[in-house]
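Examining the three-dimensional arrangement
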Amino acid sequence: MEDSRQVENLIYSYAERIDNGDLEGVAALFHAAEIFSAAHDVRRTGFDEVLEMYQTSTRLYESTATPQTKHLTTNVIIEIDEGGMEASARSYYTVIQATDSLPLQPIISGRYKDRFRKTENQWQFSSREMIVDLVGDLSAHLLYDASGIA
(Lines give C-alpha, C1' and ligand atoms only; values in the text may rest on other atoms or scores of the structure.)
Protein backbone atom coordinates (compact mmCIF):
# COMPACT_ATOMS: atom_id res chain seq x y z
CA MET A 1 0.00 0.00 0.00
CA GLU A 2 1.37 3.42 -0.87
CA ASP A 3 2.52 5.74 1.90
CA SER A 4 -0.20 8.36 1.54
CA ARG A 5 -2.89 5.67 1.79
CA GLN A 6 -1.31 4.28 4.98
CA VAL A 7 -1.30 7.76 6.50
CA GLU A 8 -4.90 8.33 5.43
CA ASN A 9 -5.91 5.04 7.07
CA LEU A 10 -4.41 6.24 10.36
CA ILE A 11 -6.52 9.41 10.17
CA TYR A 12 -9.68 7.38 9.57
CA SER A 13 -8.72 4.82 12.23
CA TYR A 14 -8.97 7.53 14.87
CA ALA A 15 -12.59 8.27 13.87
CA GLU A 16 -13.51 4.60 13.71
CA ARG A 17 -12.00 3.78 17.09
CA ILE A 18 -13.53 6.67 19.00
CA ASP A 19 -16.96 6.07 17.46
CA ASN A 20 -16.72 2.41 18.48
CA GLY A 21 -15.91 3.44 22.07
CA ASP A 22 -12.43 1.91 21.74
CA LEU A 23 -10.62 4.48 23.87
CA GLU A 24 -7.63 2.17 24.35
CA GLY A 25 -7.41 1.85 20.57
CA VAL A 26 -7.45 5.65 20.24
CA ALA A 27 -4.68 5.93 22.83
CA ALA A 28 -2.67 3.25 21.01
CA LEU A 29 -2.57 5.50 17.94
CA PHE A 30 -0.68 8.04 20.08
CA HIS A 31 1.58 5.61 21.96
CA ALA A 32 4.64 7.53 20.72
CA ALA A 33 2.92 10.81 19.93
CA GLU A 34 1.19 13.84 21.38
CA ILE A 35 -2.30 15.18 20.92
CA PHE A 36 -2.95 18.80 21.75
CA SER A 37 -5.05 21.91 21.47
CA ALA A 38 -2.88 25.01 21.49
CA ALA A 39 -5.91 27.27 21.87
CA HIS A 40 -6.98 25.48 25.05
CA ASP A 41 -3.49 24.80 26.43
CA VAL A 42 -4.08 21.04 26.53
CA ARG A 43 -1.31 18.60 25.65
CA ARG A 44 -1.18 14.84 26.26
CA THR A 45 1.66 12.53 25.23
CA GLY A 46 1.76 8.75 25.00
CA PHE A 47 -0.72 5.96 25.59
CA ASP A 48 -1.41 6.51 29.30
CA GLU A 49 -1.96 10.29 29.14
CA VAL A 50 -4.11 10.08 26.00
CA LEU A 51 -6.20 7.23 27.41
CA GLU A 52 -6.77 9.12 30.67
CA MET A 53 -7.82 12.22 28.71
CA TYR A 54 -10.43 10.31 26.71
CA GLN A 55 -11.67 8.27 29.69
CA THR A 56 -12.29 11.42 31.72
CA SER A 57 -13.87 13.40 28.89
CA THR A 58 -15.85 11.06 26.62
CA ARG A 59 -19.32 9.89 27.63
CA LEU A 60 -19.86 6.24 26.71
CA TYR A 61 -23.45 4.99 26.70
CA GLU A 62 -24.14 1.76 28.55
CA SER A 63 -26.51 0.45 25.87
CA THR A 64 -23.85 0.58 23.14
CA ALA A 65 -20.54 1.12 25.00
CA THR A 66 -19.95 3.93 22.49
CA PRO A 67 -20.30 7.72 22.52
CA GLN A 68 -23.09 7.39 19.91
CA THR A 69 -21.17 9.67 17.57
CA LYS A 70 -19.85 9.60 14.03
CA HIS A 71 -16.63 11.52 13.41
CA LEU A 72 -16.70 12.51 9.75
CA THR A 73 -13.23 13.34 8.47
CA THR A 74 -13.05 15.17 5.13
CA ASN A 75 -10.85 17.37 2.96
CA VAL A 76 -7.79 15.25 3.79
CA ILE A 77 -4.56 16.65 2.33
CA ILE A 78 -1.43 14.56 2.87
CA GLU A 79 2.13 15.63 2.12
CA ILE A 80 4.99 13.13 2.33
CA ASP A 81 8.43 14.69 2.81
CA GLU A 82 11.19 14.13 0.24
CA GLY A 83 12.93 11.52 2.37
CA GLY A 84 9.73 9.49 2.68
CA MET A 85 10.07 9.15 6.46
CA GLU A 86 7.86 12.02 7.66
CA ALA A 87 4.50 13.33 6.56
CA SER A 88 1.94 15.95 7.44
CA ALA A 89 -1.80 16.09 6.89
CA ARG A 90 -4.59 18.60 7.20
CA SER A 91 -8.23 17.63 7.42
CA TYR A 92 -11.64 18.76 8.59
CA TYR A 93 -13.79 16.95 11.12
CA THR A 94 -17.47 17.15 11.92
CA VAL A 95 -18.91 15.11 14.76
CA ILE A 96 -22.56 14.16 14.63
CA GLN A 97 -24.44 12.55 17.48
CA ALA A 98 -27.83 11.09 18.29
CA THR A 99 -28.99 9.72 21.64
CA ASP A 100 -32.36 8.87 23.18
CA SER A 101 -32.62 12.48 24.33
CA LEU A 102 -30.70 14.24 21.54
CA PRO A 103 -31.89 14.21 17.92
CA LEU A 104 -29.28 13.62 15.22
CA GLN A 105 -27.22 16.79 14.85
CA PRO A 106 -23.71 18.12 14.34
CA ILE A 107 -22.14 18.86 17.74
CA ILE A 108 -18.65 20.13 16.85
CA SER A 109 -16.55 20.86 13.77
CA GLY A 110 -12.98 21.87 13.19
CA ARG A 111 -9.62 20.87 11.80
CA TYR A 112 -6.82 18.42 12.48
CA LYS A 113 -3.18 19.20 11.79
CA ASP A 114 -1.31 15.90 11.93
CA ARG A 115 2.33 14.87 11.76
CA PHE A 116 3.52 11.32 11.08
CA ARG A 117 6.78 9.40 11.02
CA LYS A 118 7.68 6.11 9.42
CA THR A 119 9.39 3.59 11.69
CA GLU A 120 10.26 0.04 10.59
CA ASN A 121 8.22 0.56 7.42
CA GLN A 122 5.09 1.52 9.40
CA TRP A 123 3.52 4.96 9.61
CA GLN A 124 2.49 6.30 13.01
CA PHE A 125 1.26 9.56 14.46
CA SER A 126 3.87 11.88 15.91
CA SER A 127 1.37 14.66 16.74
CA ARG A 128 -2.20 15.79 16.27
CA GLU A 129 -3.36 19.36 16.82
CA MET A 130 -7.12 19.65 17.25
CA ILE A 131 -8.59 23.01 16.28
CA VAL A 132 -12.23 23.80 17.11
CA ASP A 133 -14.06 26.03 14.64
CA LEU A 134 -17.76 25.49 15.39
CA VAL A 135 -19.47 24.22 18.55
CA GLY A 136 -22.97 22.87 19.03
CA ASP A 137 -24.52 20.95 21.93
CA LEU A 138 -21.72 18.87 23.47
CA SER A 139 -23.63 18.04 26.66
CA ALA A 140 -24.45 14.47 25.56
CA HIS A 141 -20.88 13.80 24.37
CA LEU A 142 -18.50 15.17 26.99
CA LEU A 143 -18.30 14.45 30.71
CA TYR A 144 -17.47 18.06 31.57
CA ASP A 145 -18.91 21.51 30.92
CA ALA A 146 -17.71 22.41 27.42
CA SER A 147 -19.06 25.94 27.35
CA GLY A 148 -15.52 27.36 27.16
CA ILE A 149 -14.48 25.35 24.11
CA ALA A 150 -15.56 27.78 21.41
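What comes next is a walk through the structure. These numbers come from a predicted model, not from an experiment. (Residues numbered from 1 in each chain as written. Predicted model: local features only at pLDDT ≥ 70, side-chain atom pairs only at ≥ 80, totals over all residues. Heavy atoms only, no water.)

**Quick look at the sheet that holds strand β5 (residues 105-119)**
Within the open sheet, the six strands sit side by side as β2-β1-β6-β5-β4-β3. Their pairing is mixed. The sheet is open, and its two edges are formed by β2 (42-45) and β3 (69-80), each paired on a single side. Each neighbouring strand pair of the sheet contributes to a mean axis angle of 15°, computed without reference to strand direction. Here strand β1 (residues 34-37) pairs with strand β6 (residues 122-135) via three bridges, running parallel. By the bridge assignment, I35 is partnered in β6 with R128. Most of the contacts of helix α1 (residues 3-19) go to β3, to which it runs at about 160°, and overall it touches β3, β4 (86-97), β5 and β6. (Pairing = 2+ DSSP bridges. Helix = DSSP H or I, 4+ residues; strand = E, 2+ residues; numbered from the N terminus. Axes fitted to C-alpha atoms, helices over the stretch in contact; angles between N-to-C directions. Contact = heavy atoms within 4.5 Å.)

**Some details on helix α3 (residues 46-55)**
Burial in α3 covers these residues: G46, V50, L51, M53 and Y54. Across the axial projection of α3, the buried residues extend over an arc of 160°, all falling on one side. Along its buried surface, α3 packs onto α1, α2 (23-29), β1, β2 and β6. (Buried < 20%, exposed > 50% of the residue type's maximum accessible area, 1.4 Å probe, protein only. Arc of directions from axis to C-beta.)

Nothing here speaks to function; it is geometry throughout.
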